[in-house]
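# Report on the structure
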Amino acid sequence: MDADVIVVGAGPTGLMLACELALAGVRTRILERRTEPQRHSRALSLHPRSVELMDQRGLRDRFLRLGRTVPGWHFAGLRTQLDFSSLDSRHGYTLFLAQARTEAILEERAYELGVEISRGYEILGVRQDGDGVEVETRVPAGDTETVRGLYAVGCDGGRSVVRQAAGIGFPGTDETLTGVLGDFAVVDPQPGALDAARARGVIVAPLEEGLTRFVYLDPERIRVPAREPVSLEEFRASLTRISGSGCGVAEPRWLSRFGNATRLAESYRSGRVLLAGDAAHIHFPAAGQGLNTGLQDAMNLGWKLAAVVGGWAPPGLLDSYDAERRPVGASVTENTEVQTLLAELTLVPQYQHPAAALRKLLDELLGMEQVNRRLADQVSALGTHYPPTDPGADRLVGRRVPDVGLTTAGSERTRVYELLTTGRFVLLDLAGDPALRGAVDAGWGSRVTAVTVDTHDEHADLGGVTEILVRPDGHLAWATRTTDGAVRSGERIQALTAWAGTPSSRS
Ligand SMILES: Cc1cc2nc3c(=O)[nH]c(=O)nc-3n(C[C@H](O)[C@H](O)[C@H](O)COP(=O)(O)OP(=O)(O)OC[C@H]3O[C@@H](n4cnc5c(N)ncnc54)[C@H](O)[C@@H]3O)c2cc1C
């Protein structure tokens, strides 16, 4: 075997997944078609849950150092913003950070963890049998080579060759509308022109290295196919049509057209081949969710695949990746369709009047705390909840664990996300069971960090809980409120076996 897991694609999803696998000790190799990292950035936003994930892996400061925080994000370009600052998170903001920077940080981390990254390797096909996968690759010299692994994961974007080779369908709708983006070194120095453009719905945002990004939907050009290149003349003409001036744009670094084709993979797994990120879901980039969803796919899949490779995965664990993440992909694609429809209605002359009335109404609704909260939970992904298979499970099971500060029985001050940085399960005993550590270490010591909590910061969700088991991706696997030590010990063994596998005598 050349590697345990072959990850196809070194975009944000592939890099994140490779980091997760390598952290868990899996021999991981990324095969990437590009010879150099991507210079241009499609995405500019990391929403709260993604920043939390970076915090759970000790990468928070690398990201925060390079990005800029903003308190919320737009939904469908409505004037009233989604308010992330009131959400229950230490990271209640969007981190404004170019995709190329996100990829650079993750690539640096992947190298630190020992991931092998092979650039200039284009995947042509994937075959699988009962023992493993064979990935056929065109190598930099132009020859073809077969790379062998136990599993392959397609993180190779919307046109995924891996998905096609695995015969996984990608149903959905074709592109009907396109938008345009441009990154410029020179813009009109007077703020008036840029303000006028913003007032007419053009997104104008400063990027690093003195560049300015413009994004617009030109009513006269929304039916132009995404594959048609954008010229500077077209860009200036569109800006002038929309906002009254070309905003002095010059020296473009990147001009691109993107569309609203919306598709969701029929399945995220076919045997030994799995899909994550854009390979599994594509949609219009409304509210900046694609990259974020890909990172969260990777976080869900990494530890499960590592458990299978490590030989300790409980039955059904790997299939829970599809069961948990495909509904999230479906809900993201749906909300982007709603947003795109609203944008399109605003641009079609016969609907302009009612569309303006609809936007006004929605703006008012977004001003209501509960409505804003409902959408903020979704776009931030803090509301992502994996429904438990056991109907009697505690109401917290499947939700993300809050990053509560705590003092351990050994008087050490820490917080839950710090405990998660090793990528293992975390078992928190909030009722002071002196036998806990020994019991867990004896059976699951290599997979579970057991901590007896002396005191913890108040948190409504943890009120009344006596013990919780947190999965490596930061979601609750089990929670109990029983104060009966014997009952708790029995429940704990069941939960550990169900999630972290049968106890190992080698632990
Ligand atoms: C205009 C625009 C703005 C956006 N803004 C945001 C935003 O603000 N926030 C957000 O969350 N998302 C945003 N997105 C979406 C985001 O860019 C994507 O969701 C994200 O890039 C997906 O990451 P990925 O790693 O899954 O796929 P990709 O980034 O597409 O990476 C796939 C990788 O696989 C490689 N590859 C492809 N085929 C092969 C092959 N055959 N062999 C080997 N390698 C291969 C590619 O070279 C590439 O490196 C935006 C998208 C657009 C178009």
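Rules and cut-offs
Residues numbered from 1 in each chain as written. Predicted model: local features only at pLDDT ≥ 70, side-chain atom pairs only at ≥ 80, totals over all residues. Heavy atoms only, no water. UniProt positions renumbered as here; feature names shortened; annotations may be inferred. Helix = DSSP H or I, 4+ residues; strand = E, 2+ residues; numbered from the N terminus. Rg over C-alpha atoms; globule rule 2.2 N^0.38 Å. Buried < 20%, exposed > 50% of the residue type's maximum accessible area, 1.4 Å probe, protein only. Contact = heavy atoms within 4.5 Å. Areas by Shrake-Rupley, 256 points an atom, 1.4 Å probe, with all protein chains shown as cover. Domains from an automatic or database assignment. Buried area = accessible area lost by both parts, 1.4 Å probe. Salt bridge = Lys/Arg side-chain N within 4 Å of Asp/Glu carboxyl O. Pairing = 2+ DSSP bridges. Phe/Tyr/Trp six-rings, centres within 6.5 Å; stacked < 30°, edge-to-face > 60°. Lys NZ or Arg CZ within 6 Å of the ring centre and 35° of its normal. Near = heavy atom within 4 Å. Polar contact = N/O pair within 3.5 Å; in protein donor to acceptor, adjacent residues only side chain to side chain. Nonpolar A, V, L, I, M, F, W, Y, C, P; charged D, E, K, R; others polar. Expected span 1.5 Å × (residues − 1). Axes fitted to C-alpha atoms, helices over the stretch in contact; angles between N-to-C directions. Core = buried A, V, L, I, M, F, W, Y, C linked by side-chain atoms within 4.5 Å. Arc of directions from axis to C-beta.

The protein appears in an unreviewed UniProt entry as Monooxygenase from Streptomyces rubiginosohelvolus. Its UniProt record gives the protein the following Cofactor (unreviewed entry) comment, quoted word for word: "FAD".

Looking now at the overall build of the protein. When helices and strands are counted, the protein shows 14 helices and 26 strands. On C-alpha atoms alone, the protein measures out to a radius of gyration of 24 Å, which is about the 23 Å that the 2.2 N^0.38 rule sets for 507 residues. Considering the protein as a whole, with its 507 residues, one finds that 54% of them fall into the buried category. Relative to all contacts within the protein whose residues are 6 or more apart in sequence, the contacts with residues 24 or more apart total 70%. Summing over all exposed atoms, the protein offers an accessible surface of approximately 21,700 Å²; the carbon and sulfur share of this is 51%.

Along its sequence, the protein is organised into domain 1 (3-173 + 262-380), domain 2 (178-259) and domain 3 (405-500). In this structure, domain 1 and domain 3 have C-alpha centres spaced 29 Å apart. Taken residue by residue, the interface counts 19 residues in domain 1 and 19 residues in domain 3. Here domain 1 and domain 3 share an interface that buries about 1,600 Å² over both sides, 49% of which is from carbon and sulfur atoms. Its largest share of buried area at the contact with domain 3, domain 1 owes to Gln56, Trp303 and Trp312, together 37% of the area lost on that side. Inspection of the domain 1/domain 3 interface yields two salt bridges. Two residues, Arg415 and Asp55, come together in a salt bridge whose shortest N-O distance is 2.9 Å.

Time to look at the sheet that holds strand E4 (residues 68-70). Judged by pairing direction, the sheet is antiparallel, and its three strands sit side by side in the order E3-E7-E4 without closing on themselves. The two strands at the open ends of the sheet, each matched to only one other strand, are strand E3 (45-46) and E4. Judged from the three bridges that link them, E4 and strand E7 (residues 94-96) form a sheet pairing that is antiparallel. From the neighbouring strand, Arg68 faces E7, where its bridge partner is Phe96.

This brings us to the packing of aromatic side chains. As enumerated under the stated definition, the model contains 10 aromatic pairs in all. Aromatic pair Phe214 and Phe235: ring centres 6.4 Å apart, planes at 90°, arrangement edge-to-face. Of the two residues, Phe214 sits in strand E15 (residues 212-216) while Phe235 sits in helix H7 (residues 232-243), which places them 21 residues apart along the sequence. A relative accessible area of 0% means that Phe214 is categorised as buried. The structure contains a cluster of three or more aromatic residues connected by ring pairs, namely Phe184, Phe214, Tyr216 and Phe235. Positioned above the aromatic ring of Tyr151 is the side chain of Arg272, whose terminal nitrogen or guanidinium carbon lies 4.9 Å from the ring centre.

Glancing now at the UniProt feature "domain: FAD-binding" (unreviewed entry) in the protein. In the numbering used here, UniProt assigns the "domain: FAD-binding" (unreviewed entry) feature to residues 2-336. Span residues 2-336 is 32% helix and 27% strand, its end C-alpha atoms 39 Å apart.

Residues in close proximity to the ligand total 31 residues, the closest being Thr13, Glu32, Gln99, Asp278 and Leu291. At 2.6 Å, a side-chain N or O of Glu32 approaches an oxygen atom of the ligand. Alone, the ligand offers 1,000 Å² of accessible surface; in the complex the protein occludes 90% of this. Looking at the shell around the ligand, the element that brings in the most residues is helix H8 (residues 290-310), giving three residues. Considering only residue class, the shell around the ligand consists of 13 nonpolar, 11 polar and seven charged.

Here we come to helix H1 (residues 12-23). An ideal rise of 1.5 Å per residue puts 16 Å on 12 residues; H1 measures up with 16 Å between its terminal C-alpha atoms. In terms of burial, H1 is largely enclosed, as 11 of its 12 residues are buried. Trailing H1 by a residue or two, Gly25 shows a phi angle of about 85°, which is positive.

This part covers the side chain of His459. Mapping His459 onto the fold places it in the loop between strand E24 (448-456) and strand E25 (467-470). For His459, a relative accessible area of 17% puts it in the buried group. In this structure His459 touches Asp88, Pro402 and Val404, once residues within four positions along its chain are discounted.

Another aspect to go through is the environment of Ser267. In this fold, Ser267 is placed in the loop between strand E17 (262-264) and strand E18 (269-270). Considering only alpha carbons, one finds Ser267 and Gln56, 211 residues apart in sequence, at a separation of 28 Å. Aside from chain neighbours lying at most four places away, what touches Ser267 is Ile168, Leu275, Asp322 and Arg326. Within the structure, Ser267 has its side chain in polar contact with the backbone oxygen of Arg269 (distance 2.7 Å).

Strand order across the open sheet formed by six strands is E22-E21-E24-E23-E25-E26, with mixed pairing between neighbours. Looking at which strands have only one partner, the edges of the open sheet turn out to be strand E22 (413-415) and strand E26 (476-480). Taking the axes of each pair of neighbouring strands and ignoring which way they run, one obtains an average angle of 35° across the sheet. Lying on the sheet, helix H14 (residues 485-500) is in contact with strand E23 (425-429), E24, E25 and E26; it crosses E26 at an angle near 175°.

On to the nonpolar core, then. If you look at the biggest cluster of nonpolar residues, it comprises 64 residues, and the most contacted ones within it are Phe63 and Leu305. Beyond its immediate stretch of four places on either side in the chain, Leu305 contacts Val5, Leu21, Tyr151, Val153, Leu274 and Leu318. Counting residues in hydrophobic clusters, the runner-up holds 20 residues, among them Phe75, Phe84, Leu207 and Ala376.

Here the focus is the pairing of E26. Two faces, one strand: in a regular strand the side chains alternate between the faces of the sheet. Of all five residues in E26, five are buried, a share of seventy percent or more. Relative to E26, E25 runs antiparallel, the two sharing four bridges. Within E26, the residue paired with Leu469 across the bridge is Trp478. Once E25 ends, the chain turns through five residues before running back antiparallel as E26, passing Gly474 with a positive phi of about 85°.

The next point concerns helix H10 (residues 352-366). Between its first and last C-alpha, H10 extends 20 Å over 15 residues, near the 21 Å set by a 1.5 Å rise per residue. Along H10, the positions that sit buried rather than exposed are Ala355, Arg359, Asp363 and Leu366. Looking straight down H10, one finds its buried side chains confined to an arc of 80°; they lie on one side. Turned more than 90 degrees away from the buried face of H10, the exposed residues are His353, Lys360 and Glu364. Against strand E6 (82-83), helix H9 (319-347) and helix H11 (369-380) lie the buried residues of H10.

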